[in-house]
Amino acid sequence: MTDEQDRAPVWLTGTGDRSGSGDRTKRRDSTEHARLGELAAAASSVDGDAGRALALARRLGASVAGPGDGNTRQLFEALATLAAADLTAARVAEAHLDALSILGQAGVDPAGLPGAPAGGGTWGVFAAEARGARLTARQADGGRWLIDGTKPWCSLAGSLSHALVTAHTSETSRRLFAVDLAHPGVVVHEGTWVARGLPAVPSGPVDFRDLPAVPVGDDEWYLRRPGFAWGGIGVAACWWGGAVGVARRVFAAAREREPDQIALAHLGALDVLLSAAGGSLAAAATAIDAGTAAGVDGAILAARVRGLVARTVDEVIARTGHALGPAPLALDARHAQRVADLQLYVRQHHAERDDAALGRMLLTNAPAPW
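Right, let's walk through the structure included here. In this text, all values refer to a predicted model and were calculated from it rather than measured experimentally.

1. Here we look at unusual backbone geometry
Despite not being glycine, Glu220 shows a phi value in the positive range, around 70 degrees. Tracing the sequence through the fold places Glu220 in the loop between strand S7 (206–216) and helix H6 (221–224). The residue Ala351 is not glycine, and still its phi comes out positive at about 50 degrees. Along the chain, the position of Ala351 falls in the loop between helix H11 (333–345) and helix H12 (352–365).

Take a look at the structure:
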């Protein structure tokens, strides 16, 4: 695959054109194309390096709007463009941008938080739960909050400046807290990350020992806010962009030599898959900005989009392997790493368990869906 293709913008509907006509629309399209092209080039230069990914994420935090701010489609296209070029860049940037969006929704200025550096810092969101690992929060003298325990799946905890962390405030409730990861009460478990995908983004457990924490929202606010579903769709935009990056290798191969009927069939099938999933992301962005993706409707929308994109990713990886054979996986370092990164990243979707959760929502909260 050429550098030009590797650094090309990614559009949710396969083209940079938008509805409308005239010079104003053309100027807007040209500006967006240039902006996404710059993002793609910057992500390509990351080339799997976490330090470069963090630097890029910090720059994007000042220029990319959050979901629901009226430019959700542009956000999803930015995330997809990053992912098509380099999944490490997208993985790091998505978490940083999600954290800033959450703080914005809560009305919290990150610059006013303890330990906040002048440049704004780098953020992660640690909200996973796992058997045998529990993080609890309690109020100490003077009303200060402290968190204590172990949190699993803390991506880049040893490299970020801050994180938003969910902790249990009772047996039945959780709350979101902002924490300074430079505090001595943070102990990162080193050496647990053995993944071949996203190797520069270790996501192991972290111990928090009587760590000062700043509440962000009330109990359960993090999970109940509309932005929770929107953030999940943003992750799906990264998965989809990663699939575009993988599929581009098939398109490049078809241009390098005359494709046979089987190669053409794979290429056509990839287009159908990616177009359908990209269209679902575009429709979701429109619903978010229109205010129709809140509450149960937003949760169902997110589950549908994430499920569709996850299936698309799995099939894109399989079809690409069938179309290209073993050579790119064995001899093309960039392609091989992209496939390994994407295979791990998309497993944030819990497959049949997430399908079951969607089924439960449909039975409990919605009329007949079809």
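Right, picking up where we left off after that structure.
2. Quick notes on the state of the cysteines
Evaluated as defined, the whole model comprises zero disulfides. Sulfur of Cys154: no disulfide; nearest cysteine sulfur belongs to Cys238 and is 19 Å away. When its relative accessible area of 2% is taken as the criterion, Cys154 is described as buried.

3. Some thoughts on helix H8 (residues 261–290)
In this model, H8 (30 residues) spans 43 Å end to end at C-alpha, consistent with the 44 Å of a helix rising 1.5 Å per residue. Two or three places before Ile262, at the start of H8, stands the capping residue Asp260, its side-chain oxygen 3.2 Å from that residue's backbone nitrogen. A positive phi of about 80 degrees marks Gly291, the residue just after H8.

4. Considering the side chain of His335
Inspection of the secondary structure assignment puts His335 in helix H11. His335 has contacts with Val246, Arg249, Thr320, Leu324, Pro328 and Leu329, leaving out every residue within four places of it along the chain.

5. Regarding the nonpolar core
Soluble, globular proteins show a tendency: their nonpolar side chains are buried together. Counting residues in hydrophobic clusters, the biggest one holds 89 residues, and the most contacted among them are Ile147, Phe208 and Trp240. For this core, the element with the most residues is helix H7 (residues 226–256), which contributes 15 residues.

About the thresholds
- Residues numbered from 1 in each chain as written.
- Predicted model: local features only at pLDDT ≥ 70, side-chain atom pairs only at ≥ 80, totals over all residues.
- Heavy atoms only, no water.
- Helix = DSSP H or I, 4+ residues; strand = E, 2+ residues; numbered from the N terminus.
- Disulfide = S-S within 2.5 Å.
- Buried < 20%, exposed > 50% of the residue type's maximum accessible area, 1.4 Å probe, protein only.
- Expected span 1.5 Å × (residues − 1).
- Polar contact = N/O pair within 3.5 Å; in protein donor to acceptor, adjacent residues only side chain to side chain.
- Contact = heavy atoms within 4.5 Å.
- Core = buried A, V, L, I, M, F, W, Y, C linked by side-chain atoms within 4.5 Å.

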